[in-house]
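Chains, contacts and geometry: an overview
The primary structure of each chain is shown beneath.
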Amino acid sequence: MAIKRYRDGRTKLTGKDYTEHKRKVWEAQGRYCAGPCGCYLPFQFAEFDHAAPSRGMGGSKRDDLAEGNSVKCRDCHRLRHYQERDLAAVRT
């Protein structure tokens, strides 16, 4: 359980802090998926989706407190990352 702040302004949460932040985002969304399906989303199935792509998807390191982060169901979360991967493949 820790909050790590980087010099570039990013914040990384772990353990209980990460779970509590994910729950706050989920509740702020009305407990629904922020993806295209918009379905009701029980917390145990919620996945935290970072607004900026991860390092493996051509982005920088994660920022758990960044604007635009959301909680999505597994299908919508995976769909987003598949789309990012496909766009990266087209650009190369």
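Scroll up to find the structure this text is about.
Every value quoted in this text rests on a predicted model; they were computed, and no experiment measured them.

**Here's the deal with the packing of aromatic side chains**
Under the criterion given, the structure shown has three aromatic pairs. Seen in terms of ring centroids, Tyr 18 and Phe 48 are 5.6 Å apart; in terms of plane orientation they differ by 70°. Their pairing is edge-to-face. In this pair, Tyr 18 sits in helix α1 (residues 15-28) while Phe 48 sits in strand β3 (residues 47-49), placing the two residues 30 residues apart along the sequence. The partly exposed category is assigned to Tyr 18, whose relative accessible area is 22%. Taking the centre distance of 5.8 Å and the plane angle of 85° together, the rings of Tyr 32 and Tyr 40 count as edge-to-face. Its end group placed over the ring of Phe 43, Lys 22 keeps NZ or CZ at 5.1 Å from the ring centre. Taking NZ or CZ as reference, Arg 23 lies 4.0 Å from the ring centre of Phe 43, over its face.

**Regarding the pattern of salt bridges**
Within the structure shown, the criterion is met by eight salt bridges. Between Asp 49 and Arg 80 there is a salt bridge; the shortest N-O distance is 2.6 Å. Of this pair, Asp 49 sits in strand β3 while Arg 80 is found in helix α2 (residues 74-91), placing the two residues 31 residues apart along the sequence. Measuring nitrogen to oxygen at the nearest pair gives 3.0 Å for the salt bridge that ties Arg 62 to Asp 64. Among the residues examined, Asp 64 registers a relative accessible area of 0% and is labelled buried. Among the ionic contacts, a cluster of salt bridges with common partners joins Glu 47, Arg 74 and Arg 78.

Reading guide: rules and limits
Residues numbered from 1 in each chain as written. Predicted model: local features only at pLDDT ≥ 70, side-chain atom pairs only at ≥ 80, totals over all residues. Heavy atoms only, no water. Phe/Tyr/Trp six-rings, centres within 6.5 Å; stacked < 30°, edge-to-face > 60°. Helix = DSSP H or I, 4+ residues; strand = E, 2+ residues; numbered from the N terminus. Buried < 20%, exposed > 50% of the residue type's maximum accessible area, 1.4 Å probe, protein only. Lys NZ or Arg CZ within 6 Å of the ring centre and 35° of its normal. Salt bridge = Lys/Arg side-chain N within 4 Å of Asp/Glu carboxyl O.

The quantities given are spatial measurements derived from coordinates; they are silent on function.
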